[in-house]
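Take a look at the letters that make up each chain.
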Amino acid sequence: MTDDPFVTHRSLLFTVAYEILGSAADAEDVLQESWLRWAGVDRSQVRDPRAYLVRIVTRQALNRLRTLSRSREEYVGEWLPEPLLTSPDVAEDVELAESVSIARLTVLETLGPTERAVFVLREVFELPYGEIAEAVGKSAAAVRQTARRAREHVAARQPRVRVSRSEQKAVVERFLIALRTGQLQELMELMAPDVVLIADGGGIAAAVRVPVHGAQPVAKLLARANRMDVAGFEATAVWLNGAPAGRIEIGGESAAVSLVVENGQVTRVYVMRNPRKLTRLDEPAELVR
């Protein structure tokens, strides 16, 4: 069983599904469905098991994404990706770390299902256009055009400045210290003037339902966090989605915080509070390309 190609490539297949869906729970469901299809395949007819499995997973992920599109449109408040605890090793692969970052996955939510799948398979996993065409059911020429449009779309919306992990870590640590102590001035100094905070409570946990803009409003909102519950407030540095981030405990409830840092200042704050998306903060996910 351990020699089965599906088992061998499971981490890769999970990463593909997760990047297409932005949800680890849905990615696991896709892997289950893909395994059932793989179990019925005549292996003697499969020349490249890795490519074949990626095609199966991509098709299943696309089907699920199209099904989920309606529910995400009706989602209460802002929808953010499901954060994953990762080891610092993931950050060593800069391209992988960027591709699974909360910021990138949030941008991918603005793509259509096919555009998203094409972008992930081409830009992240560097699959040939012909293989992508088979996976998404389009011609190679159509896939090339889709890839170009998706690349331009993402480039126009994602942060353009790539900072070192050490700089990211230093800013995150300052941020968490200020958060623990409720230092409004320190928080304001960390924020870029045009900073945006986006929170996801899913209608289950308390969270602002629209983005908050500006250093002062964002800092004031964050500074209130450690006063929300007398039972205790903890803010701990962790690695989420290949980058330094924060895990917060407020009165026994968890939250994950991911920051985008540019020129030493925080330009985006992503706060995930929906408990259904916080089930993978205790065991590192295996993400590979």
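Just above, that's the structure.
Remember, it's a predicted structure, so these values are computed and weren't measured experimentally.

**Some details on the overall build of the protein**
Reasoning step 1: Helix and strand counts for the protein come out as 12 helices and six strands.
Reasoning step 2: Computed over C-alpha atoms, the radius of gyration of the protein comes to 20 Å, within 12% of the 19 Å expected from 2.2 N^0.38 for 289 residues, which places it in the range of a compact globule.
Reasoning step 3: Expressed as lengths along the three principal axes of its C-alpha atoms, the size of the protein is roughly 65 × 40 × 35 Å.
Reasoning step 4: Expressed as a percentage of its 289 residues, the buried residues of the protein come to 52%.
Reasoning step 5: Counted over contacts in the protein with a minimum sequence separation of 6, partners at least 24 positions apart contribute 68%.
Reasoning step 6: A gap of 5 Å separates the mean positions of the 37 positive and 39 negative side-chain charges of the protein.

**A closer look at the packing of helix α7 (residues 113-124) against helix α9 (residues 140-157)**
Reasoning step 1: Contact geometry of α7 with α9 gives a least axis separation of 9 Å together with a crossing angle of 90°. By the angle between their axes, α7 is roughly perpendicular relative to α9. In this structure, α7 contributes T114, E115, V118, F119 and E123 to the contact, and α9 contributes V143, T146, A147, R149, A150, R151 and V154.
Reasoning step 2: In terms of residue class, the contact of α7 with α9 is built from six nonpolar, two polar and four charged.

**Thoughts on unusual backbone geometry**
Keep in mind that most residues, glycine aside, have a negative phi and that most peptide bonds are trans.
Reasoning step 1: The backbone of E126 sits at a positive phi, close to 55°, despite the residue not being glycine.
Reasoning step 2: Mapped onto the elements, E126 comes out in the loop between α7 and α8 (129-136).
Reasoning step 3: Look at E126 and you get exposed, because its relative accessible area is 58%.
Reasoning step 4: Although it is not a glycine, N241 adopts a positive phi angle of roughly 50°.
Reasoning step 5: Within the element layout of this structure, N241 appears in the loop between β3 (233-240) and β4 (243-250).

Quick notes on the rules
Residues numbered from 1 in each chain as written. Predicted model: local features only at pLDDT ≥ 70, side-chain atom pairs only at ≥ 80, totals over all residues. Heavy atoms only, no water. Helix = DSSP H or I, 4+ residues; strand = E, 2+ residues; numbered from the N terminus. Rg over C-alpha atoms; globule rule 2.2 N^0.38 Å. Buried < 20%, exposed > 50% of the residue type's maximum accessible area, 1.4 Å probe, protein only. Contact = heavy atoms within 4.5 Å. Lys, Arg positive; Asp, Glu negative; His and termini not counted. Charge placed at Lys NZ, Arg CZ, Asp CG, Glu CD. Axes fitted to C-alpha atoms, helices over the stretch in contact; angles between N-to-C directions. Parallel < 35°, antiparallel > 145°, perpendicular 65-115°, else oblique. Nonpolar A, V, L, I, M, F, W, Y, C, P; charged D, E, K, R; others polar.

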